[in-house]
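Coordinates in review
Here are the chains, one letter per residue:
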Amino acid sequence: MGASLNGFLDDFVLPLLGGSRSTVRLKSPLSYADLANFQDDAGSLTRDDVQYARVRCGRRRVERPLLPDIDTFELVFWMGLHNLLFFDHPQLGQVWASDAKWRLVEATTASFLDRAQPESPAQVVARDLAMEGVMRLVRVDQIVETREAEVRYFGQPAPRRIGLFDSVAYLQREDTVNWIDFRHSSPTGRLLHRAFRASPLTALIHADRARGRASLRNVASLLAEPAYARAVVYAWAGSEDWDLIGAAVLERLLEDLGLGIGSEHGPPSSVAASAEEPEAPPSVTVAAGVDQLALDSEDTDPAPLVAALIHLHLLKVLEMKTRAGFGAPSSSPAWKLFFGLPLLLETLAPILGDPGIQVLGAAMEARWTEYRSFVRGIISRDELRWLRDTFAPALTQGNRS
Amino acid sequence: MAQSLLEPVAAGQTRFRLHGLFVDARGVAVGREILVIFETIDRLVGFLGAYSEEMSLDELFLSMTLETGRREGGGRAFLLRCQGGDSYAIERIRRLASVVQSTTYTGAGSIFVLPRDRKTPFGFDLTNPAETVGSVGPDDVVAVSETYATQLQVIDRLDPIELVQRLSMRQHPIPGGKIGNDPELCGLREMALVLVSPGLASRLTGWLWRRQVQMAGIRLSLREGEAGSLLLRLRDPPGRILEILDGIPGVELFVPVSPRAAVEVGWRHPIHLASANACLPGDEMYLFRGRADRVERIPGSPKFVDGSYLVEHELSTRPPDDEEARLLSPEISTVSLSLRATTLAREPSGVLIDWEHASLVGGLLYLLPPSVLSNCEFVALTEGILVLSERGAGGRIGASAMIPLGRRMVEAAPGVLVPDGYELWPRVRPQLVRELLGLETEEMAVYPSEQVECAIRIGASMRVPLDAHAVRVSSPADARFASQSAEFTAAAAHQIEDAPTISNERVGRFALWRYRGEG
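Along every chain, residues carry numbers that run from 1 in the direction the sequence is written. Here the convention is simple: chains get letters from A, ligands get numbers from 1, in the order in which they are written. Two thresholds apply to this predicted model, a pLDDT of at least 70 for residue-level local features and 80 or more for giving and counting side-chain atom pairs, whereas whole-chain, interface and lining totals are computed over all residues. Based on all heavy atoms of the structure, the side-chain values leave hydrogens and waters out of the count.

Things to note about the overall build of chain A
Along the backbone of chain A there are 18 helices and four strands. Accessible area is worked out with a 1.4 Å probe on protein chains only. A residue is then buried under 20% of its type maximum, exposed over 50%, and partly exposed in between. Here chain A holds 401 residues, and 55% of them are scored as buried. Contact criterion: two residues are considered in contact whenever any of their non-hydrogen atoms come within 4.5 Å of each other. Restricting to contacts in chain A with at least 6 residues of sequence separation, those with at least 24 account for 78%. As presented, chain A carries roughly 17600 Å² of accessible surface, and 50% of it is formed by carbon and sulfur atoms. In this text, helices come from DSSP runs of H or I with a minimum length of four residues, and strands from runs of E with a minimum of two, each type numbered from the N-terminal end. Only the protein chains shown count as cover for residues, and the accessible areas themselves come from Shrake-Rupley with a 1.4 Å probe.

So, in structure tokens, the structure goes:
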């Protein structure tokens, strides 16, 4: 990795944003000294290829992305992501450095990621560019199998000396893995929470895989934009685990509203459900046990989020794939409450508006009615009453505990 | 010197002693009728034959009467009377009658005079009044020449049509001795009629069928109580076949001379029948047989039946033995299907984009109309990205015509793509191309370039909707096809999603040597 900003852009940022046939190269962690060097050469941030890569990356979400100019905070976020990825480097144990030095590197990285907290919907979109690149990162591992063991070289070519010993029978193969889904080192696991918190849009879209608790404030205001709301809902609908994503988002929203599961004003069946089934859905367990940061939820208007969740139901009814989601139902309270949202449509109509099911035709209306009667069997009567008496007023009146 | 019975007509003379004479347009004295006196019937037939070669007998028959007359002094003659009134018609008949040594007269009623000749260009008139010729009865005819007046008494009338039909055929030698030596095959080049006796019909039709002679036939019963003969109509018969048929006893070849008349080969009718339709009344067909000396009347227009129904088939279910199988499947030299340059313009059905330009496809998607984009498919090949337009787009312009990248591919056969400007050679049937390539129903084949010899097979599952995935194009190394069969593996599908790759570069032992915190 060169110390210059141009080198950093070429080796890391452009491949991360650009995508096709690009390789993100990781050599050494970045420090504050590197940040100072980069700031001295800030003019390189206006490079055309970088701008083009950002726009093209943003168009993966919407046709006209809401992108601000590149600022220092976005650069810092890129540096934080670089260090985050570096902590998964397989040769860190070979570096002669003390634990304190490694803690310094982790603290620096955490600082980078925390500094990059978005302040506006445009910055949310800007963070999503790079973070979405991290979500899509793949790593080609070389696996060498011998009779005794199997050695995996993480994102590195296997040593050529393996082939020097004819007496050693081995088999070499490649395995392509998605970086975000593969096991991570401890520092990387800790830093991922901060990275998701710095990119709430990515965390919202990949709610089933995201770690940490991102701020919903700017995301909710971003969802007021129809293009981004549509992009988010369609991204959810494109996932096989759309119901788990919806449950994770709803659970996070309930906590923001002070109606978290298990809380005083939470849903009635939460205690019983947690007693019967101590295992929460895997997608939402990450919310617990994470160092909590202050949430900027004071100005959050959760209505667009709820509207997006209901729209997700509508999309699935349109696709006629709703039954597939019921193949392995979860008894998680959030999962049940998520399926109770379509029953609140009339109650929330004053603030969410009419989804326009009648416009879609009589057949769609009949399917939607059938779907609502079906989900009525999922949610209990007490939970439905709680949604109408507690959750809906909290949305309409902004009643937060 | 005896007084001449006739005197020349002067120029401009309009009044004549013979009643019925008048002046025609040329100033020639003519009568309403023409009289030709034939001494024998052979001369009469000769006259009719000569006339039929030049003119239509149908017109002549409309006004013609044939009579048998007796001379005043004994002897018989045949009288032919027809409409005159025109010096041209008189001269034509006189010319033809002189050939058969017969005399022509013109006049009206019962008295006729010689027509004009070279010495008397305006014709003749009686020198004395007609009463001086003698007493003339209602059935008498007087033919007056310059020196002599012949009086004939009509004793019988002849039907000209019956006469023509009763005429005997005349032998006519075949040119060159053989039918095959005649370039026109004696008039049988286009069509021949064959009258086959009943006993030969079955074998002859089978023989003709094996010789692949196009034929049709009809059964005729020429005599009551006799088995039906077979009348065959042969189209474009070979000369060799005709020669063989001509030599078979019981088989007669007929030359069609008119739509309703045919004359046996080697024989000739005295009258040119093609100009004598009136001689053949009704809608019957006439076969003039020379050797049998008969005229066969076929009632109504014959309805010929195709020859395939006349042949007695002997179907065999026995499988061919080895000898026959060898003859049925002869070994021929085989050629390979290859590409050849052509100038034929065709609508592109796909476009093959190099991997260098693959990243530009995503941006081009904004240019495509929704209807076009929704019907596009693409396949990732080692050679590049193959974007396929909608198949059977109903004349609409496809995406491959809109994308300004890569090499255009056209359909050489259904589902077989070749580079634009090339075609498959040899030009076999389009469906056969698919069979030769072994393509299933939904499969496609593509020749990525003109240098390749083998096509790449593309299954239906390997084609991916463009609008869903094209923005994320893959690297060529990952979308690899095994041999010539495209295998779109799960790993390749994963790679196609435009995912960046992590490369953990080598880290030195002193990578954190100068690493400092903030401040």
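Some details on the nonpolar core
Residues and elements named next belong to chain A. Residues belong to one nonpolar core when they are buried, are Ala, Val, Leu, Ile, Met, Phe, Trp, Tyr or Cys, and are joined through side-chain atoms within 4.5 Å. Of all hydrophobic cores here, the largest spans 62 residues; its most connected members are Trp236, Leu250 and Phe391. The source of the domain bounds is an automatic or database domain assignment. Two domains each provide a minimum of three residues to this core, namely domain 1 (5-135) and domain 3 (199-397). Leaving out residues up to four positions away in the same chain, tryptophan 236 has contacts with Leu204, Ile205, Trp242, Ile245, Val249, Leu305, Ala308, Leu309 and Leu312. Among the nonpolar cores identified, the runner-up in size contains 56 residues, and Val50, Met131, Leu192 and Ala210 belong to it.

Re helix α1 (residues 41-54) of chain B
One less than the number of residues in a helix, times 1.5 Å, gives the span that helix is expected to have. Taking 1.5 Å per residue, 14 residues should reach 20 Å; α1(B) reaches 20 Å between its end C-alpha atoms and fits that length. Those residues of α1(B) that sit buried are Leu44(B), Val45(B), Phe47(B), Leu48(B), Gly49(B), Tyr51(B) and Ser52(B).

Re the confidence of the model for chain A
All names here are of chain A. pLDDT measures the predictor's confidence residue by residue and takes values from 0 up to 100. For chain A, per-residue confidence averages 80 on the pLDDT scale, and 83% of positions sit at 70 or higher. Element-level mean pLDDT values for chain A span from 43 in helix α12 (residues 270-276) up to 93 in helix α4 (residues 72-86). Taken together, the stretch residues 270-297 has pLDDT below 50 and engages in 32 contacts with residues farther than four places along the chain or on a different chain.

Quick look at the sheet that holds strand β6 (residues 76-83) of chain B
Residue and element names in this part refer to chain B. When DSSP finds at least two bridges between two strands, those strands are taken to pair. In spatial order, the strands read β4-β6-β5-β11-β10-β8-β7; together these seven strands close into a barrel with mixed pairing. Ignoring which end each strand starts from, the neighbouring axes of this sheet average 35° apart. For strand β7 (residues 103-108) and strand β8 (residues 111-113), the ladder comprises three bridges, and the chain directions are antiparallel. By the bridge assignment for β8, glycine 107 is matched with phenylalanine 112. On top of the sheet, α1 reaches β4 (33-38), β5 (65-71) and β6; it is set at about 25° to β6, its chief contact. Sitting on the sheet, helix α3 (residues 87-99) touches β4, β6 and β7, and the angle it makes with β4 is about 5°. Where helices are involved, their axes are fitted lines through C-alpha atoms of the stretch in contact, as for all axes, and angles between N-to-C directions lie from 0 to 180°.

Observations regarding the packing of helix α11 (residues 242-256) of chain A against helix α15 (residues 333-340) of chain A
All names here are of chain A. As a packed pair, α11 and α15 sit with axes 8 Å apart at the nearest point and diverge in direction by 100°. Comparing their axes, α15 and α11 come out roughly perpendicular. Between α11, through Trp242, Asp243, Leu244, Gly246, Ala247, Leu250, Glu251 and Leu254, and α15, the contact on the second element is made entirely by Ala334, Trp335, Leu337, Phe338 and Phe339. Residue type decides the class: Asp, Glu, Lys and Arg count as charged, Ala, Val, Leu, Ile, Met, Phe, Trp, Tyr, Cys and Pro as nonpolar, and the leftover types, Gly among them, as polar. Tallied by class, the residues present in the contact of α11 with α15 amount to 10 nonpolar, one polar and two charged. For classification purposes, an angle smaller than 35 degrees is called roughly parallel, one larger than 145 roughly antiparallel, one from 65 to 115 roughly perpendicular, and anything else oblique.

A few points about the packing of aromatic side chains
For Phe, Tyr and Trp, where Trp contributes only its six-membered ring, two rings pair if their centres lie within 6.5 Å, and the inter-plane angle classes them as stacked under 30 degrees, edge-to-face over 60, or tilted in between. The tally for this structure, following the rule as stated, stands at 16 aromatic pairs over all chains. Arranged with centres 5.2 Å apart and planes meeting at 65°, the rings of Tyr32(A) and Phe112(A) form a pair that is edge-to-face. With a gap of 80 residues between them, Tyr32(A) in helix α2 (residues 32-40) and Phe112(A) in helix α5 (residues 99-115) connect regions that are remote in the sequence. The exposure class of Tyr32(A) is buried, given its relative accessible area of 11%. For Phe112(A), a relative accessible area of 0% puts it in the buried group. On the numbers, 6.0 Å between centres and 35° between planes, the contact of Phe47(B) with Tyr51(B) is tilted. With Phe47(B) and Tyr51(B) both in helix α1 and four residues apart, the pair spans about one turn of that helix. Per residue, the accessibility class of Phe47(B) equals that of Tyr51(B), and both read buried.

Topic: the interface of chain A and chain B
Contact residues are listed per partner, giving 47 residues for chain A and 30 residues for chain B. Buried area: the accessible area, evaluated with a 1.4 Å probe, that two parts lose upon being put together, summed over both parts. Across the chain A/chain B interface, buried area totals approximately 3500 Å², and carbon plus sulfur atoms make up 56% of it. For Glu505(B), the salt bridge is made with Arg25(A), and the minimal N-O distance between the two is 3.1 Å. For this analysis, a polar contact is any N or O atom pair within 3.5 Å, provided that within protein one partner can donate a hydrogen and the other can accept it, and provided that sequence-adjacent residues contribute only side-chain to side-chain pairs. In this assembly, chain A and chain B are joined by 16 residue pairs in polar contact (both at pLDDT 80 or more). At the level of secondary structure, the elements contributing two or more residues to the side of chain A that touches chain B comprise α1 (5-18), β1 (23-26), α4, α5, α6 (121-136) and β2 (138-146) of chain A. Salt bridge, as used here: a side-chain nitrogen of Lys or Arg that lies within 4 Å of a carboxyl oxygen of Asp or Glu.

With respect to α15(A)
Among the eight residues of α15(A), seven are classified as buried, and the element is accordingly described as predominantly covered. Residues Pro333(A), Ala334(A), Trp335(A), Leu337(A), Phe338(A), Phe339(A) and Gly340(A) constitute the buried set of α15(A).

Quick word on the pattern of salt bridges
Applying the stated rule across the entire model yields 32 salt bridges over all chains. A salt bridge links Arg194(A) to Asp114(A), with the nearest nitrogen and oxygen atoms 2.5 Å apart. Of this pair, Arg194(A) sits in helix α7 (residues 186-198) while Asp114(A) sits in helix α5, and the two are 80 residues apart along the sequence. Residue Asp114(A) is classed as partly exposed on the basis of its relative accessible area of 28%. Arg95(B) is paired through a salt bridge with Glu54(B); the nearest N and O atoms lie 2.9 Å apart. In this pair, Arg95(B) is assigned in helix α3 and Glu54(B) in helix α1, connecting sequence segments 41 residues apart.

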